[in-house]
Amino acid sequence: MYLSKNLLPCYRYLHRYIASLEGNGKLETLEAINEKIRKRFKNPKLSNSNCAKVCRHASFAWCRSLIISLALITPVQSGLQSEIHALNSSDSSLESSLLLCIDLQTNELWSQSFEDSTSLGNLETKWNPMLSRIKNIVIKKVSDENIETATSLFRSSYNFYRESSCVMLPSGINLCLVPSRLAVQAQVQPNLDGVEILDLSIPRKLLLWAYALLHGRYANISVVVKHCEENVKVWVLTCSSMMFCLACQRLH
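Treat the numbers as computed from the prediction; the structure is a model and nothing was measured. (Residues numbered from 1 in each chain as written. Predicted model: local features only at pLDDT ≥ 70, side-chain atom pairs only at ≥ 80, totals over all residues. Heavy atoms only, no water.)

A.B. asks: Can you walk me through the sheet that holds strand β3 (residues 173–179) in this structure?
C.D. replies: Remark on secondary structure: sheet strands pair via backbone hydrogen bonds, oriented parallel or antiparallel. Taken in spatial order, the four strands line up as β2-β1-β3-β4 in an open sheet, and their pairing is antiparallel. Only two strands of the sheet have a single partner each, and these edge strands are β2 (137–138) and β4 (196–197). Pairing analysis gives two bridges linking β3 to β4, with the strands arranged antiparallel. Considered in β4, the bridge of L177 is made with E196. With respect to the sheet, helix α8 (residues 202–215) is in contact with β1 (98–104) and β3, its orientation differing from that of β3 by roughly 50°. (Pairing = 2+ DSSP bridges. Helix = DSSP H or I, 4+ residues; strand = E, 2+ residues; numbered from the N terminus. Contact = heavy atoms within 4.5 Å. Axes fitted to C-alpha atoms, helices over the stretch in contact; angles between N-to-C directions.)

Okay, structure coming up:
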């Protein structure tokens, strides 16, 4: 109990630090912080309700930062018809082509009772105008200048998928599959016959969203996970090479 009381200022600092990272869009730092927090709090002496709140806050902040980062590069312009035509140019049957559509329920992202209401309010004010654009739209491939960012976010989404399977996360991401013959407007109507609502966990939804942004098409979650598992060694080697190059630059 004495140890727990002594650590209270540390817990308060961690909450403020996590909130500042989220407010400034520091996704990579949040990912690293989550890993460190999980390792540190495996110590039984540090296992208590305050620790659990910090872990949960860090996971929520990581999740919301991924949502924000993906939304920032998600194309929302018109031009859906040309996208459908390109998708089906080698397919004589429009029925066989499925488009992945997304709808963000932003109010669900900022309603966590265990977080500081002032910090949540500031985050909501800052990000809601951008997030509110993502309303029943088809997820299209990112522009060429965002390919590198999309690749990085795909890796981050896979890391989040692997590390957050046991965490209760905020809802707010709705995905559905729409036959291309029904997607005749910029916004898709999810109540149409033929539209399939995807009942998946938040980490899986984020992974599908990131995959569609990078590859410009929908794939079943099992296919996406297998793709990630086959490429994870390449990603680790790439990251190691980048770190080595950075270290060399600092030495010089």
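A.B. asks: Help me understand the pattern of salt bridges, please; the structure alone is not making it clear to me.
C.D. replies: Two side chains that carry opposite charge are able to pair once their charged atoms sit near each other. According to the stated counting rule, one finds two salt bridges in the structure shown. Across the salt bridge formed by R64 and E22, the nearest N and O atoms sit 2.5 Å from each other. Of this pair, R64 sits in helix α4 (residues 49–73) while E22 sits in helix α2 (residues 8–23), placing them 42 residues apart in sequence. Judged by its relative accessible area of 1%, R64 falls in the buried class. When its relative accessible area of 1% is taken as the criterion, E22 is described as buried. For D103, the salt bridge goes to K135, with nearest N and O atoms at 3.2 Å. Note that D103 is positioned in strand β1 and K135 in the loop between α6 (117–131) and β2, a separation of 32 residues in sequence. On the basis of relative accessible area, D103 is assigned to the buried category, the value being 7%. A relative accessible area of 27% places K135 in the partly exposed class. (Salt bridge = Lys/Arg side-chain N within 4 Å of Asp/Glu carboxyl O. Buried < 20%, exposed > 50% of the residue type's maximum accessible area, 1.4 Å probe, protein only.)

A.B. asks: Whenever I open this one, the nonpolar core confuses me. Can you help?
C.D. replies: Across soluble globular proteins, you tend to see nonpolar side chains buried next to one another. One finds I67, I102, L131, L206, L207 and W209 to be the most contacted residues of the largest nonpolar core, which totals 50 residues. Residue contributions to this core peak at 10 residues, all from α8. Those residues within four positions of W209 in sequence are excluded, and the remaining contacts are I67, L70, A71, T74, L100, I102, L104 and I139. Counting 11 residues, the second largest nonpolar core, distinct from the first, contains I33, I37, V54 and A61. (Core = buried A, V, L, I, M, F, W, Y, C linked by side-chain atoms within 4.5 Å.)

A.B. asks: When you look at the environment of D103 in this model, what are you seeing that I'm missing?
C.D. replies: Distance from D103 to G172, taken between C-alpha atoms, is 8.1 Å for residues 69 residues apart in sequence. Here D103 is in contact with I134, K135, N136, G172, I173 and N174, once residues within four sequence places are set aside. Here the side chain of D103 touches Q105 through a polar contact of 2.4 Å, side chain to side chain. (Polar contact = N/O pair within 3.5 Å; in protein donor to acceptor, adjacent residues only side chain to side chain.)

A.B. asks: Teacher, can you tell me more about the pairing of β1 here?
C.D. replies: Where a strand is regular, its side chains alternate between the two sheet faces. Burial runs high along β1: six of the seven residues are buried. As defined by bridge partners, β1 adjoins β3 across seven bridges and the pair is classed as antiparallel. Bridge assignment links L98 to a residue of β3, and that residue is P179. The pairing of β1 with β2 spans two bridges and is classified as antiparallel. When the bridges of β2 are listed, I102 appears paired with I137.

A.B. asks: Sorry if this is basic, but what is going on with the side chain of T74 here?
C.D. replies: Note on placement: T74 falls in the loop between α4 and α5 (80–87). A distance of 3.1 Å separates a polar atom in the side chain of T74 from a polar atom in the side chain of W209. Every residue in contact with T74, bar those within four places of it in the chain, is listed here: I134, I137, W209 and L213.

A.B. asks: Explain the packing of aromatic side chains here, please?
C.D. replies: Aromatic ring pairs: the centre-centre distance and the angle between the two ring planes describe each pair. With the rule as written, the count across this model stands at four aromatic pairs. Between the aromatic rings of Y13 and Y17, the centroid separation amounts to 6.0 Å while the plane-to-plane angle is 5°, which identifies the pairing as stacked. On the criterion of helical spacing, the pair formed by Y13 and Y17 is a turn pair, its members being four residues apart in helix α2. Among the residues examined, Y13 registers a relative accessible area of 46% and is labelled partly exposed. (Phe/Tyr/Trp six-rings, centres within 6.5 Å; stacked < 30°, edge-to-face > 60°.)

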